Amino acid sequence: MTYSALSHLECSRTAQKYDADTVQGVSDEGVPLLARYDIELAARTLTREALAGRPATLWRYHEMLPVRDPASVVTLGEGMTPLLPLPRYGARIGVPNLLMKDEGLIPTGSFKARGAAVGVSRAAELGVKGVAMPTNGNAGAAWAVYAARAGLESLIAMPVAAPAITRTECVAAGAELYLVDGLIGDAGKIINAAVRSRGGYQEVSTLKEPYRLEGKKTMGYEIAEQLGWQVPDVILYPTGGGVGLIGIWKALLEMQELGWIGPRLPRLVAVQAEGCAPIVDAFTAGADVSEPFPDAHTVAFGITVPKALGDFLVLRAVRETGGTAIAVSDDDLLLEQRRLAADEGTFVCPEGAACFAAARDLRATGFIGAGDRVVVLNTGTGLLYPSTIPVDVPTLPVTGEISPRR
Ligand SMILES: *Cc1c(COP(=O)(O)O)cnc(C)c1O
């Protein structure tokens, strides 16, 4: 019985092969490494029928994940998040067939748990003792939590402006945490220097190790499985480093190789905030890579990434699937966040809300048709960002009364 059909790693630019059973970072070209699998070997045990009987976690796709020994799996029950229909809100924006993959319902409250579960499991399996990363908050919280679960050390640096709760999660999990008075890129330079001077840590920044992507790709497998092995017409994804979007694209191509889905792919949409839209600018300019975005700022903190290492892969995924890239304003995304919560009872994070604002705009321009089945990735719970909703309500004295009518 093969638990993982991992065969090798591959440079995402030159396709040069690398050994998958030693600790690896980026390729010699300085670009991300992609995990490749022996599809025939995987397909012997991984069938759509076999999946039906497996536990509802992302580890159900273990043949197409990199962890070789089931005993190495570090899990808190992540994966198989709900794919919720949103009929009332969908009718409001003219997309009756609107669905939300709700990653708010996952350990640590953001989809970063997927990348952390698989990345930490594989790092520990390969003998790594500690992980180090810069983060906009959610990834740091997730990696700190899974590192604790695995018995690894974690060294984390995040901007002072990152969501406060993610600091608390890091400290609770025993991480060595630093706040940086700057952006994620500044934190990255500090971590990179620390890893080199200290030794003993693996740097696990976005796409600087190959396995976070493998965890995040499981969102793509789950969407297809939850739709009865159909793919939707459009998938909208809030894009920072782009790992989730690249991962979903990778999963779609793997499922085609497995013979699970047909030739038609969903149109992938990279959604950014107007205050940090390097991918959108590159897409519009017809460029293959992005330029660093100046003075980046948005309430959708998780997508404040002025320059992504995997930008060329995001742009390729969007173009090859006939998708697009679009930016929305903070005012617009905050408005849709409130509408969605009031219409459907789902309190999404601002990054997820950006995708709803984008869906609304793309329906108005006709990119999304009235009959399209559209999946929005809500990448985290709104509970991580309590200050996005102003609470202006009266405080009553103990003898207070509420008037009979509102
Ligand atoms: C990190 C993050 C994103 C962006 O994810 P990438 O894979 O880096 O593009 C989106 N939403 C939330 C809530 C995040 O924490």
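Computed from a prediction, not measured in an experiment: that's the story for all the values here.

### Quick notes on helix H13 (residues 350–365)
Here H13 contains 16 residues, and its C-alpha end-to-end distance of 23 Å stays within 8% of the 22 Å for a straight helix at 1.5 Å per residue. Buried within H13 are the following residues: Pro350, Glu351, Gly352, Ala353, Ala354, Cys355, Phe356, Ala357, Ala358, Ala359, Arg360 and Leu362. After H13 finishes, the residue Gly366 shows a positive phi value of roughly 90°.

### What to know about the site of the ligand
What surrounds the ligand is a group of 18 residues, the closest being Lys112, Asn138, Tyr237, Gly242 and Thr379. Within the contact set of the ligand, an oxygen atom lies 3.0 Å away from a side-chain nitrogen or oxygen of Lys216. The separation between a nitrogen atom of the ligand and a polar side-chain atom of Thr379 is 2.7 Å. For the ligand, whose unbound accessible area comes to 380 Å², protein coverage reaches 97%. Secondary-structure elements contributing two or more residues to the shell around the ligand are strand E10 (234–238) and helix H9 (243–257). Its residues assigned to classes, the shell around the ligand shows seven nonpolar, eight polar and three charged.

### A few points about the UniProt feature "domain: Tryptophan synthase beta chain-like PALP" (unreviewed entry) in the protein
UniProt's entry tags residues 74–380 with the feature "domain: Tryptophan synthase beta chain-like PALP" (unreviewed entry), counted in the numbering of this structure. Structurally, residues 74–380 comprises 45% helix and 16% strand, and the distance from its first C-alpha atom to its last is 21 Å.

### A few points about the side chain of Ser110
With respect to the helices, strands and loops of the structure, Ser110 is situated in the loop between strand E5 (98–102) and helix H4 (112–125). The buried category is assigned to Ser110, whose relative accessible area is 1%. Leaving out residues up to four positions away in the same chain, Ser110 has contacts with Glu103, Asn138, Thr379, Gly380 and Leu384.

### So, the sheet that holds strand E1 (residues 6–11)
Strand order across the open sheet formed by three strands is E2-E1-E3, with antiparallel pairing between neighbours. Each edge of the open sheet carries a strand with a single partner, namely strand E2 (17–18) and strand E3 (33–37). Note that E1 and E3 share five bridges and pair antiparallel. Looking at the pairing, Leu6 lines up with Tyr37 of E3.

Rules behind the numbers
- Here the residue numbers are simple positions, counted from 1 along each chain's written sequence.
- Thresholds applied to this predicted model are a pLDDT of at least 70 for local features of residues and 80 or more for the giving and counting of side-chain atom pairs; totals over whole chains, interfaces and linings are not thresholded and use all residues.
- Water and hydrogen atoms were dropped before computing side-chain values, which therefore reflect all heavy atoms in the structure.
- Only runs of H or I of at least four residues qualify as helices and only runs of E of at least two qualify as strands under DSSP, and these elements are numbered from the N terminus.
- Expected helix span is given by 1.5 Å per residue-to-residue step, counting one fewer step than there are residues.
- Exposure classes here rest on a 1.4 Å probe applied to the protein chains alone. A residue is buried below 20% of its type maximum, exposed above 50%, and partly exposed in between.
- It suffices for a single heavy atom of a residue to lie within 4 Å of a molecule or strand for the residue to be listed as near it.
- Here a polar contact is taken to be a pair of N or O atoms separated by no more than 3.5 Å, where protein atoms must pair a possible hydrogen donor with a possible acceptor and residues adjacent in sequence count only if both atoms sit in side chains.
- Computed with a 1.4 Å probe, the accessible areas rest on the Shrake-Rupley method; for each residue, only the protein chains presented here act as cover.
- All amino acids are sorted into three groups, where Ala, Val, Leu, Ile, Met, Phe, Trp, Tyr, Cys and Pro are nonpolar, Asp, Glu, Lys and Arg are charged, and the leftover types, Gly among them, are polar.
- UniProt positions are given in the numbering used here, feature names are shortened, and annotations may be inferred rather than shown by experiment.
- Throughout, a residue-residue contact means that at least one pair of heavy atoms, one from each residue, lies within 4.5 Å.
- A pair of strands is treated as paired once DSSP finds two or more bridges between them.

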